[in-house]
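Here is what each chain is made of, one letter per residue.
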Amino acid sequence: MNKKVLLTGVTGFLGSYLAKELLKIGYEVVALKRKSSSLHRVESIASEITFYDIGDLDFYELFSKREKIDAIIHTSTSYGRNNESVSDIFVANTEFPLRLLDAGSRAGIGLFLNTDTILDKYLNLYALSKNQLLQWGRFFSMHEKIRFGNVRLEHFYGPDDDPTKFSAYVINNCLANTPELRFTKGEQKRDFIYIDDVVSAYIVLLENVDGFSSSFLEFDVGSGKPLSVKEFVKKVHRITASKTNLNFGALPYREGEVMYSEADISGLAALGWECRFDIETGLKLATKQYLE
């Protein structure tokens, strides 16, 4: 019998790519979504997924009576970029997944694979709310209620990304030849990783988790090769043959700005994972559909 995965965020960028790969390699996918969510990212595979609208859904009843779930992969998130209130962000990033974690542990689900951030928890409301769920995950795993895998995800990008994210914002505006883009000096270094490499990391973790004795696992997911924001932007500008004027130094760094971020991918490498797409290849793939 095929293993069954419950996936949150299936209508989003990461979740949709994960759903396609999970189905491709033989997993059954059950997905939670809002009633109002658009299915455009998963339209081609929607008939193969069992959907449940969150609404007033009783998660424990779902897990214990309707669906025999082997693992939960949590990818849904609220970045707080659409004027959400503090409570909205808390509900999306802490309360909702905590309800899943609690119900999953009581129903005997073996794994909760959480999508976390590398950002400092006090940088913004998104990072703080994600950290609060991490603490709950540690608690549940310490008391052997469920195995909690925490994925510290670096800056991922690719086709059909969320347009509010930095990488997509740069790509889309360069493609549109926006007259000018204003940035900080761009000295801060980020670890950019292509979406297909992110998905393969999740699959490696999902299929190797039983080999670990610990109930709490944490892995960085990135390329392991940081690049300055300025270099990233200039690469996008060149690959898209953009006429946009790049104005570096027009904006100040935000308070608490992280100036260097690099994933420690040694844990994933030990499981046989490798980053297959360098930044040049990834950006060409991310822009290919628009340039043909």
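In this report, we go over the structure that sits alongside the text. (Residues numbered from 1 in each chain as written. Predicted model: local features only at pLDDT ≥ 70, side-chain atom pairs only at ≥ 80, totals over all residues. Heavy atoms only, no water.)

### Re the overall build of the protein
Right, so step 1: Counting its regular elements, the protein contains nine helices and 13 strands.
Right, so step 2: Its C-alpha radius of gyration of 19 Å places the protein within 12% of the 19 Å reference for a compact globule of 292 residues.
Right, so step 3: Considered along the principal axes of its C-alpha atoms, the protein spans approximately 60 × 40 × 40 Å.
Right, so step 4: The buried share of the protein, reckoned over its 292 residues, is 50%. (Helix = DSSP H or I, 4+ residues; strand = E, 2+ residues; numbered from the N terminus. Rg over C-alpha atoms; globule rule 2.2 N^0.38 Å. Buried < 20%, exposed > 50% of the residue type's maximum accessible area, 1.4 Å probe, protein only.)

### What about the nonpolar core?
Among soluble globular proteins, nonpolar side chains are generally buried collectively.
Right, so step 1: In terms of nonpolar packing, the biggest core is built from 56 residues, with Ile73, Val198 and Tyr202 touching the most fellow members.
Right, so step 2: With nine residues, helix α6 (residues 195-208) is the largest single contributor of residues to this core.
Right, so step 3: Grouped together as the second largest cluster of nonpolar side chains are 24 residues, Leu6, Tyr52, Leu57 and Ile109 included. (Core = buried A, V, L, I, M, F, W, Y, C linked by side-chain atoms within 4.5 Å.)

### Re the packing of helix α5 (residues 166-175) against helix α7 (residues 229-239)
Right, so step 1: Two elements in contact, α5 and α7, have axes separated by 9 Å at closest approach and are oriented at 35°. The hand of the α5/α7 crossing is right-handed. Where α5 abuts α7, its residues Phe166, Ser167, Val170, Ile171 and Cys174 lie against Val229, Phe232, Val233, Val236 and His237.
Right, so step 2: Each residue belonging to the contact of α5 with α7 can be placed in one class, and the counts come to eight nonpolar, two polar and no charged. (Axes fitted to C-alpha atoms, helices over the stretch in contact; angles between N-to-C directions. Left-handed = near helix turned anticlockwise from the far one by under 90°. Contact = heavy atoms within 4.5 Å. Nonpolar A, V, L, I, M, F, W, Y, C, P; charged D, E, K, R; others polar.)

### A word on the side chain of Thr115
Right, so step 1: Here Thr115 lies in strand β5 (residues 111-117).
Right, so step 2: For Thr115, a relative accessible area of 8% gives the class buried.
Right, so step 3: Reaching out from Thr115, the side chain makes a polar contact with the backbone oxygen of His74 at a distance of 2.7 Å.
Right, so step 4: Apart from the residues lying within four places of it in its own chain, the contact partners of Thr115 are Leu14, His74, Thr75, Lys130, Val151, Leu153 and Tyr202. (Polar contact = N/O pair within 3.5 Å; in protein donor to acceptor, adjacent residues only side chain to side chain.)

### Observations concerning the pairing of strand β6 (residues 147-153)
Right, so step 1: A large share of β6 lies buried, amounting to six of its seven residues.
Right, so step 2: Alignment of β5 against β6, held across seven bridges, turns out to be parallel. From the neighbouring strand, Phe112 faces β6, where its bridge partner is Phe148.
Right, so step 3: In this region the chain leaves β5, passes through helix α4 (residues 125-142) and returns to the parallel neighbour β6; the handedness of that crossover is right-handed.
Right, so step 4: Where β6 and strand β11 (residues 216-221) come together, six bridges link them in parallel fashion. By the bridge assignment, Phe148 is partnered in β11 with Phe216. (Pairing = 2+ DSSP bridges. Right-handed = clockwise from strand over helix to strand, strands pointing away.)

### Quick notes on the pattern of salt bridges
Right, so step 1: Applying the stated criterion across every chain yields a total of 13 salt bridges.
Right, so step 2: Here Arg138 and Glu218 are joined by a salt bridge, their closest N and O atoms 4.0 Å apart. Here Glu218 lies in strand β11 and Arg138 lies in helix α4, a separation of 80 residues in the sequence.
Right, so step 3: On the accessibility criterion, Arg138 (31% relative accessible area) is partly exposed. (Salt bridge = Lys/Arg side-chain N within 4 Å of Asp/Glu carboxyl O.)

### Quick notes on the packing of aromatic side chains
Right, so step 1: For the coordinates displayed, the defined rule picks out 16 aromatic pairs.
Right, so step 2: Between the aromatic rings of Phe139 and Phe140, the centroid separation amounts to 6.1 Å while the plane-to-plane angle is 75°, which identifies the pairing as edge-to-face.
Right, so step 3: According to the relative accessible area criterion, Phe139 is partly exposed, its value standing at 38%.
Right, so step 4: Under the relative-accessibility criterion, Phe140 is labelled buried at 6%.
Right, so step 5: Their ring planes at 75° and their centres at 6.3 Å tell us that Phe166 and Phe183 sit as a pair that is edge-to-face. Here the residue Phe166 occupies a position in helix α5, and Phe183 occupies one in the loop between β8 (180-182) and β9 (189-190), the gap between them amounting to 17 residues.
Right, so step 6: For Phe166, a relative accessible area of 33% gives the class partly exposed.
Right, so step 7: Taking relative accessible area as the criterion, Phe183 reaches 5% and is therefore assigned buried.
Right, so step 8: Each member of the aromatic cluster is reached from another via a ring pair, and the members are Tyr157, Phe166, Phe183, Phe192, Tyr194, Phe232, Phe248 and Phe277.
Right, so step 9: We note Arg106 situated over the ring of Tyr60; from NZ or CZ to the ring centre the distance is 4.6 Å. (Phe/Tyr/Trp six-rings, centres within 6.5 Å; stacked < 30°, edge-to-face > 60°. Lys NZ or Arg CZ within 6 Å of the ring centre and 35° of its normal.)

### Thoughts on the sheet that holds strand β4 (residues 71-74)
Right, so step 1: Strand order in the open sheet formed by seven strands is β3-β2-β1-β4-β5-β6-β11, with parallel pairing between adjacent strands. Two strands in the sheet have a free side with no partner beyond their single neighbour: β3 (50-53) and β11. Averaged over all pairs of adjacent strands, the angle between strand axes in this sheet comes to 20°, irrespective of strand direction.
Right, so step 2: As defined by bridge partners, β4 adjoins β5 across four bridges and the pair is classed as parallel. For Ala71, the partnering residue across the bridge sits in β5 and is Leu111.

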